[in-house]
Amino acid sequence: MELRYDGYSRVVEVHAAGYSKDGNAIMRVWQVRGGSVSGERSGWKLMRADETFSAHLTDEASQAPRPGYKRGDAAMDRIVCQV
């Protein structure tokens, strides 16, 4: 999936989606490539769905689950779906 997030285009693989303890819709993603405020162009990211400007599916094959992925993300108070 390609997202527009924090002013950057990012290609990500969503591994889990749910809600934070504050009630925000969030997703745990592996960023394949793209920009980032932190300067980390790839790796694990936790993103808020309401901060995503746009999203569309790509034709790229997913490599999920990526190394280091663990089900039951502790950042999520309620998980809606996960790999």
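Higher on the page you've got the structure.
Quick notes on the rules
Residues numbered from 1 in each chain as written. Predicted model: local features only at pLDDT ≥ 70, side-chain atom pairs only at ≥ 80, totals over all residues. Heavy atoms only, no water. Phe/Tyr/Trp six-rings, centres within 6.5 Å; stacked < 30°, edge-to-face > 60°. Helix = DSSP H or I, 4+ residues; strand = E, 2+ residues; numbered from the N terminus. Buried < 20%, exposed > 50% of the residue type's maximum accessible area, 1.4 Å probe, protein only. Contact = heavy atoms within 4.5 Å.

K.L.:
Any chance you could explain the packing of aromatic side chains here in plain terms?
P.N.:
Any pair of aromatic rings gets described here by the distance separating the centres and the angle formed by the planes. Tallied over the entire structure, the rule returns two aromatic pairs. With a centroid separation of 5.3 Å and 80° between ring planes, the pair formed by W30 and W44 is classed as edge-to-face. Taken together, the residues W30 in strand β3 (residues 25–34) and W44 in strand β4 (residues 43–48) connect sequence positions 14 residues apart. Taken together, W30, W44 and Y69 form an aromatic cluster joined through their ring pairs.

K.L.:
Is there a simple way to think about the environment of R66 in this case?
P.N.:
Along the chain, R66 falls in the loop between β5 (52–56) and β6 (78–82). The buried category is assigned to R66, whose relative accessible area is 18%. Residues R66 and W44 lie 22 residues apart in sequence; the distance between their C-alpha atoms is 9.2 Å. Non-local contacts of R66, meaning those with residues more than four positions away in its chain, are made with E13, H15, W30, V32 and W44.

K.L.:
Before we go on, may I ask you to explain the side chain of T52 in this structure?
P.N.:
The residue T52 is located in strand β5 in this model. When residues no more than four places from it in sequence are discounted, the contact partners of T52 are L3, R4, Y5 and M27.

On their own, these measurements won't tell you what the molecule is for.
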